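Observations on the three-dimensional arrangement
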Amino acid sequence: MKALLVCEQREGKLLDTSYELVAFAERLGAEVSLVLVGKEAQAPQVAAKLYLADVDKYGEYSPELHKHIVVAAVLKENPDYIIFPHSSYGWDLAPRVAATLRVGQVSEVVNIVDGKLEVSLCNGKLRRTVSPKGARAVLTVQAGAFNYAGQKSGAPQVEAIEISQGSSALQFVGYEPAEKKEVDLGRAEIIVSAGRGVGKKENVAVIADLAKAFGGELGASRPVVDAGWVGHSHQVGTTGQTVSPKLYVACGISGAIQHLAGMKKSDFIVAINKDKEAPISEAADVMVVADVLQLAPVLAEKLRAA
Ligand SMILES: Cc1cc2nc3c(=O)[nH]c(=O)nc-3n(C[C@H](O)[C@H](O)[C@H](O)COP(=O)(O)OP(=O)(O)OC[C@H]3O[C@@H](n4cnc5c(N)ncnc54)[C@H](O)[C@@H]3O)c2cc1C
């Protein structure tokens, strides 16, 4: 089985999801080749064939040109799977490639179970396993679902890739910085996050107070943000911030893959949850089975007294 991995770089920096694609392909048992629109200096350090298209020529992003580059690499490699990160880059590019190749697409793969692809649905509440029909398929892989444990020291065999289509009606203009954030979780050493388990907006103050007692910042899961209980800059996860503090305390958070993707690289994870079977227990170093609304004020008081 062969897999072509579509790597992603942004503003000169290779994104770590490129290595996660390698980890996923290894789990599939596939022979790997890669394609990147970037520069050689950003090439993933993996001992595999890398098709490299020059970002100066084809742009940081151009739906049409990047599609033709991936399709050109497909024609050279003849892979069974063409695999994208499940990011805004992959969301936009993968279906274009699938439609051009007239093959099916499986989106947001989070696991491989008995050789089948597991995808999440219903806002991450359910999972189902699927097997693509046909000899070839396009896949997108959820960030954080597959960890690359190998050394990042392999030497890619770089082959420049050119396409005849030289221009596109669309032009990449640049990234617009997000509006000023209430909080910068990316720099926080301690984050205490509130999940839907806190029950209502007024109870977020209990978690915010615990964060303060720890000398940390308040984070949140997406439902807490969607409900308007806190601003979006507090959100941790695939559609929020990716964080890696020294201590992450998850309060009333179940541990959906989209949340885990944003915090599982934290040095030490404590989860406080009423349900000892909650999926967050798999990522937590310490799992406290308790009602967080009872525990958090007591813990905050103890921390202040210490
Ligand atoms: C495309 C997409 C992007 C997404 N992006 C994100 C993202 O960036 N970040 C994110 O967080 N989610 C994201 N989600 C949503 C994600 O799938 C989950 O729905 C969400 O993370 C669940 O949030 P939660 O854990 O707070 O709530 P729930 O899953 O409802 O879990 C609540 C938890 O609280 C516990 N609990 C209840 N009461 C108490 C109590 N009194 N004390 C202690 N524990 C209690 C329960 O046992 C449960 O485990 C995304 C989903 C999709 C489809």
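Each value, and the rule that gives it
Residues numbered from 1 in each chain as written. Predicted model: local features only at pLDDT ≥ 70, side-chain atom pairs only at ≥ 80, totals over all residues. Heavy atoms only, no water. Domains from an automatic or database assignment. Contact = heavy atoms within 4.5 Å. Buried area = accessible area lost by both parts, 1.4 Å probe. Salt bridge = Lys/Arg side-chain N within 4 Å of Asp/Glu carboxyl O. Polar contact = N/O pair within 3.5 Å; in protein donor to acceptor, adjacent residues only side chain to side chain. Nonpolar A, V, L, I, M, F, W, Y, C, P; charged D, E, K, R; others polar. Helix = DSSP H or I, 4+ residues; strand = E, 2+ residues; numbered from the N terminus. Buried < 20%, exposed > 50% of the residue type's maximum accessible area, 1.4 Å probe, protein only. Pairing = 2+ DSSP bridges.

Before going further, it helps to spend a moment on the domain arrangement of the chain. Examined at the domain level, the chain breaks down into domain 1 (2–160) and domain 2 (185–305). Each of domain 1 and domain 2 was reduced to a C-alpha centroid, and the two centroids are 31 Å apart. Between domain 1 and domain 2, the residue contacts involve 13 residues of the former and seven residues of the latter. Approximately 760 Å² of surface area, both sides summed, lies buried where domain 1 meets domain 2, with 46% of it carried by carbon and sulfur atoms. Glu20 serves as the salt-bridge partner of Lys265, at 3.9 Å between the closest nitrogen and oxygen. Linking domain 1 with domain 2 are three residue pairs in polar contact (both at pLDDT 80 or more), by the criterion used here. Considering only residue class, the side of domain 1 that touches domain 2 consists of three nonpolar, five polar and five charged.

This part takes up the pattern of salt bridges. In the structure shown here, the tally under the stated rule is 18 salt bridges. With a closest N to O distance of 2.4 Å, Glu162 and Lys57 form a salt bridge. Remark: Lys57 occurs in helix H2 (residues 55–58) and Glu162 occurs in the loop between strand S11 (157–160) and strand S12 (190–194); sequence separation between them is 105 residues. Because the salt bridges share partners, they merge into one network encompassing Asp16, Glu20, Lys152 and Lys265.

On to the pairing of strand S4 (residues 31–38), then. Among the eight residues of S4, seven are classified as buried, and the element is accordingly described as predominantly covered. Examined bridge by bridge, strand S1 (residues 2–6) and S4 share five bridges and lie parallel to one another. In the strand pairing of S4, Ala3 is matched with Val32. Sheet analysis places S4 next to strand S5 (residues 49–54), joined by six bridges and oriented parallel. Bridged to Val35 within S5 is Tyr51.

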